[in-house]
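Here's the letter readout for the chains.
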Amino acid sequence: MPHMSFRTSAVRTPITQLKRLCIITMLAAIASTTSGQIGDVDPSFDTDGVLNLPDGSGAEYINAIDHAANGDLVITGTDWDVVANTYYVGGIPVWRRASNGSAVSSWGTNGFTYIDLPDGREEGQKIIAQPDGKVLIGGVRWTADSSQLMFVRLLSNGALDPSFGTGGYTLVTGSPALVPLFIGGIPALKGIAELHLNSDGSYTAVGTTAAQGGFNVTRGFVLRLTSTGAIDGSFGANGLFLHGSGDNETFRDAEFYADGSILCGGAHNGSDNSWVKVTAGGSVDMTFGTAGVQVTPTSTTRGITSFVRDTNGDLYANCSSSVFTEKRLVKFDLNGLVVAGYGTGGEVAFGSLDQRVEMDAQQRVVVWGRQSDNTLFIAQYSTSTGTELDYWPFYPGSYSVPGDQYRILAFDEDSNGNYVIGGQGFVPGFSYNAWLARVSGNGGNGF
């Protein structure tokens, strides 16, 4: 694939006339920067670097991707009714693809399985490919008058695992471990933000919840399940740690430490960057911050939406900005205090609406998402200075539908240092559909 220069130095020049008939053509035309670290789409992945995933019972989009030990991709998300523009209309789509993008025939039907629990609508928010071949999905479930945190475990063939929970799934219901009542087809952005397989086979989930039907007062939670899907009563208060009461508290991401402790990042009272350290037993870690909590307000940020940790323990957080159309990459030390020497005053600003942050195998901060002009992008940054190492854009905005219907919603790195991204998009004459693309994280064409 020939290279096209999308930028020189730090100047980003949008492509104004890019028009394609479908997402495959659009993403196959993506090219890398001339001298950076991110390469082109991988032509060995589904022959052109991008894959549209088949429909289940409607249009789907992707929320989470994980790589299995053998290189397979396991992928989950949710359904979307494109006529009514309603989210979460049915069950959970789960795909399994080989490293070259082909369907894994032993998984479900031609690499696809669909989990539709009785009398409800579900969303798969996080996914784990276990070393034993099983797959755990965490998310939320709504019925007509209730909502629950939901965990589903699948066997290596995509069938529900009868040894987990009740018939393959566990629903956590009853106050206070609730997500708000589903109303009007609008995502509540609550539920499971991070899911972790512990060394003893148990599971830890971190996220945000609220009282039934409550959208205003939220609480961060950490929940532990046993390896068989039961609530682990030895953790916290009956298996649950809750943070916050009268104020809005959210847990948007987490890092898991070797001693079993969990660092949760989110927002305090809807505005301040907030860190909470939880011990392996489910109590506040009093050695962190001030009695286990570190609230770090700045004049420009309004809460952590995702974060990662480097090998030194420093933290790199994507923070929402006081300017609605902007996000900021902020560096904190291991105690949750801003590192002023990073970027400008500890911050690197983005003109971005949707954005998340990762740490790749080469210890580069990887930021990905959607810019305020609806450009989808991946960028790499130095952990020491905040200097941009590379920026890789593509522009779906010239389609005949609003640009905000294109999103990168999931990211994972494979064992070769390649980035796999996925999300939602619109293919004219076809439908809204889930898609995947694989690009090199190591510069050049990479393949």
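Residues numbered from 1 in each chain as written. Predicted model: local features only at pLDDT ≥ 70, side-chain atom pairs only at ≥ 80, totals over all residues. Heavy atoms only, no water.

Draft legend 1. Up close: the nonpolar core. In terms of nonpolar packing, the biggest core is built from 18 residues, with Leu149, Phe151, Phe221 and Leu223 touching the most fellow members. Counting residues per element, the ones that place at least two in this core are strand S10 (135-142), strand S11 (147-154), strand S13 (191-197), strand S14 (203-210) and strand S15 (218-225). Non-local contacts of Phe221, meaning those with residues more than four positions away in its chain, are made with Leu149, Gly191, Ile192, Ala205, Val206, Gly207, Thr208, Thr209, Leu240, Phe241, Leu242 and Phe251. (Core = buried A, V, L, I, M, F, W, Y, C linked by side-chain atoms within 4.5 Å. Buried < 20%, exposed > 50% of the residue type's maximum accessible area, 1.4 Å probe, protein only. Helix = DSSP H or I, 4+ residues; strand = E, 2+ residues; numbered from the N terminus. Contact = heavy atoms within 4.5 Å.)

Draft legend 2. Just the pattern of salt bridges, in detail. Tallied over the entire structure, the rule returns 14 salt bridges. Put simply, Lys331 and Asp314 hold a salt bridge, and the shortest N to O gap is 3.9 Å. Pair noted here: Lys331 is in strand S23 (residues 327-332) and Asp314 is in the loop between strand S21 (301-309) and strand S22 (315-321), with a separation of 17 residues, a long-range link. There is no split in this pair, since Lys331 and Asp314 are both buried. Notably, a salt bridge pairs Asp354 with Arg370, separated by 2.7 Å at the nearest N-O pair. One end of the pair, Asp354, is in strand S25 (residues 352-359); the other, Arg370, is in strand S26 (residues 365-371), with 16 residues separating them in the sequence. What makes Asp354 partly exposed here is its relative accessible area of 23%. Overall, Arg370 belongs to the buried group, its relative accessible area being 5%. What emerges from the salt-bridge pattern is a single network uniting Lys134, Arg153 and Asp161. (Salt bridge = Lys/Arg side-chain N within 4 Å of Asp/Glu carboxyl O.)

Draft legend 3. Spatial organisation of the packing of aromatic side chains. Counted by the stated rule, this structure contains 11 aromatic pairs. Pairing Tyr316 with Tyr342 gives two aromatic rings, centres 5.7 Å apart and planes at 65°, and the pair type is edge-to-face. Of this pair, Tyr316 sits in strand S22 while Tyr342 sits in the loop between S23 and strand S24 (347-350), placing them 26 residues apart in sequence. Overall, the relative accessible area of 0% leaves Tyr316 in the buried class. Both rings, one in Trp368 and one in Phe411, keep their centres 6.0 Å apart while their planes meet at 10°; by these two values the pair is stacked. Placement of Trp368 in strand S26 and of Phe411 in strand S29 (residues 407-413) is noted, with a sequence separation of 43 residues between them. In textbook terms, an aromatic cluster arises when at least three aromatic residues are bridged by ring pairs, as seen for Phe350, Phe377, Tyr381 and Tyr391. It is Lys277 that lies over the ring of Tyr257; its NZ or CZ is 4.5 Å from the centre. (Phe/Tyr/Trp six-rings, centres within 6.5 Å; stacked < 30°, edge-to-face > 60°. Lys NZ or Arg CZ within 6 Å of the ring centre and 35° of its normal.)

Draft legend 4. Local environment of the confidence of the model for the protein. Model confidence for the protein is summarised by a mean pLDDT of 82, while 79% of its residues fall at 70 or above. Scored below 50 in pLDDT, residues 1-35 makes 83 contacts in the model with residues more than four places away or belonging to other chains. (pLDDT = per-residue confidence, 0-100.)

Draft legend 5. Representation of the sheet that holds S13 within the structure. Read from one edge of the open sheet, 4 strands run S13-S14-S15-S16, paired in antiparallel fashion. The sheet terminates laterally at S13 and strand S16 (240-243), the two strands that pair on one side only. Strand-to-strand, the axes of this sheet are offset by a mean angle of 15°, without reference to chain direction. (Pairing = 2+ DSSP bridges. Axes fitted to C-alpha atoms, helices over the stretch in contact; angles between N-to-C directions.)

Draft legend 6. Highlighting the layout of surface pockets. Within this model, the second largest pocket holds a volume of roughly 240 Å³. Surrounding the second largest pocket, 15 residues form its lining, His196, Asn198, Ser199, Tyr257 and Gly260 being those nearest its centre. For the lining of the second largest pocket, a count of residues per class yields 6 nonpolar, 7 polar and 2 charged. (1 Å grid on protein atoms, 1.4 Å probe; cavity = no way out; pocket = protein on both sides within 12 Å on 5 of 7 lines; lining within 4 Å. Points joined across faces, edges and corners; volume = space filled by probe spheres on them. Nonpolar A, V, L, I, M, F, W, Y, C, P; charged D, E, K, R; others polar.)

Draft legend 7. Representation of the side chain of Arg141 in the model. Locating Arg141 in the fold gives a position in strand S10. Excluding its chain neighbours within four sequence positions, the residues that come into contact with Arg141 are Leu117, Pro118, Asp119, Gly120, Arg121, Glu122, Ser146, Ser147, Gln148, Met150 and Leu171.

Draft legend 8. How the structure looks around the side chain of Thr383. Counting through the fold element by element, Thr383 comes out in the loop between strand S27 (376-381) and strand S28 (388-394). When neighbours within four sequence positions are excluded, Thr383 is seen to be in contact with Tyr316, Lys331, Tyr342, Met359, Gln363 and Val365.

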